[in-house]
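# Residue-level structure breakdown
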Amino acid sequence: FGSCAKHWQHQPIWNAIIAKQPDLFLFIGDNIYADTDGRTAWEVTKGQLTGEWNRLADKPEFQKARAAFPFLATWDNHDYGSHAGGAEVPTKHDAKECFLTFFGEPKTSPRWTRSGIYDAKIIGPVGQRVQIILLDTKFNRSAFKKDPTPKEERLKSGKVGGYLPDDDPSKTHLGEKQWSWLETELQKPAELRLVCSSIQVIPDQKGMDEWGNFPRERQRLFDLIAKTNANDVILLSGNVHFAEISTTQISKLNSTPIPLLEFTSSGMTHVEQAYGDAANRYRVAGPFVDLNFGLVEINWDDGIAKLTACDVNGNERFHHDLSISSIQH
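These remarks concern the structure in this document.

Cut-offs used in this document
- Residues numbered from 1 in each chain as written.
- Predicted model: local features only at pLDDT ≥ 70, side-chain atom pairs only at ≥ 80, totals over all residues.
- Heavy atoms only, no water.
- Axes fitted to C-alpha atoms, helices over the stretch in contact; angles between N-to-C directions.
- Helix = DSSP H or I, 4+ residues; strand = E, 2+ residues; numbered from the N terminus.
- Parallel < 35°, antiparallel > 145°, perpendicular 65-115°, else oblique.
- Left-handed = near helix turned anticlockwise from the far one by under 90°.
- Contact = heavy atoms within 4.5 Å.
- Nonpolar A, V, L, I, M, F, W, Y, C, P; charged D, E, K, R; others polar.
- Phe/Tyr/Trp six-rings, centres within 6.5 Å; stacked < 30°, edge-to-face > 60°.
- Buried < 20%, exposed > 50% of the residue type's maximum accessible area, 1.4 Å probe, protein only.
- Lys NZ or Arg CZ within 6 Å of the ring centre and 35° of its normal.

### Some words on the packing of helix α2 (residues 46-57) against helix α5 (residues 92-102)
The description of two helices packed together rests on the angle between their axes and the distance between the axes. The N-to-C vectors of α2 and α5 enclose an angle of 25°; their axes lie 9 Å apart at closest approach. With respect to their mutual orientation, α2 and α5 come out roughly parallel. The hand of the α2/α5 crossing is right-handed. Taking contact as the criterion, the partners of K46, L49, T50, W53, L56 and A57 in α2 are, on α5, D94, A95, E97, C98, F99 and F102. For the contact of α2 with α5, a count of residues per class yields eight nonpolar, one polar and three charged.

Right, dumping it as structure tokens:
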């Protein structure tokens, strides 16, 4: 899986991904940068979005990847078409149409009628079922609470983003329809679940576009995982232009806490050292601040999920072995 790929740049990392012969690639956000040239941000039109997706489709290295393995995808702000936009963005329905068309979503798919592009698939036979859940963190998201602290002062304190945690109970990250859908999905039988969020869930100190901006929503996600007994969950995320693994604990009623782990891979064409240097009290591996993709390998015989951050040449830069039984209810 991977995120953050400027579609006008050369993308040699696809060659390393192809060499791993994956069963599936998860593209989890900023799959194109439709609203910026890397210096200036703007609001996009449907025509511009279509054109930018076509630029990605024309890239020879991406064409080779698309021919080598299947894709599942969700979006982040730049392929959504608005740098800091959420539910209020007027072009969101156009962005949805362009996105689903590019990834070949059948017209019979329920994604076309949902309030956003969220989706889920279960892959594999009984005993080895992996559920892929693709969250939409943009289509229904409430407005951020901005931090009035001058940027220079924020940076001195190690905070790289311009947002504050907002405890307003009326604010939402997913919207009620997506929350209801997610609860249903988490109750479906599966041996392992990969829950994909374009933005980080567990790390909450950077002040960037992250779940920590809506602490009630973040806790709601943790509580829902516990409530549904869906404790066989690994979070996958992107957005931050470096790779790391974070972990926290969630509690189930009348039960001891269980670990919840998040694997972040971001920066297929570019990275940001300042983001990697920002504090993360939950980090257990990384940061690796160079071009990267994430690799999830499941050994059912040993009951181990190996999470590996790979560089642009496919070399391992860190890994974390996780006992699947330790996160199952």
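This is not the end of the story, as more comes after the structure.
### What to know about the packing of aromatic side chains
Each aromatic ring pair is specified by the distance between its two centres and by the angle formed by the two planes. Taken as a whole, this structure holds 25 aromatic pairs when the rule is applied. Measuring from centroid to centroid gives 5.7 Å for W14 and F71, while their planes differ by 55°, and the two rings are tilted. Of this pair, W14 sits in helix α1 (residues 13-19) while F71 sits in strand β2 (residues 71-73), and the two are 57 residues apart along the sequence. We classify W14 as buried; its relative accessible area is 0%. A relative accessible area of 15% means that F71 is categorised as buried. Seen in terms of ring centroids, W75 and F99 are 5.4 Å apart; in terms of plane orientation they differ by 65°. Their pairing is edge-to-face. Of the two residues, W75 sits in the loop between β2 and α4 (77-80) while F99 sits in helix α5, which places them 24 residues apart along the sequence. Across the pair, exposure class does not vary: W75 and F99 are buried alike. A connected cluster of aromatic rings, assembled from ring pairs, spans W14, F25, F27, W53, F62, F69, F71, W75, Y80, F99, F102 and F103. Sitting over the face of the ring of F139, K92 holds its NZ or CZ atom 4.4 Å from the ring centroid. The lysine or arginine in question, R141, covers the ring of F144, its NZ or CZ lying 3.8 Å from the ring centre.

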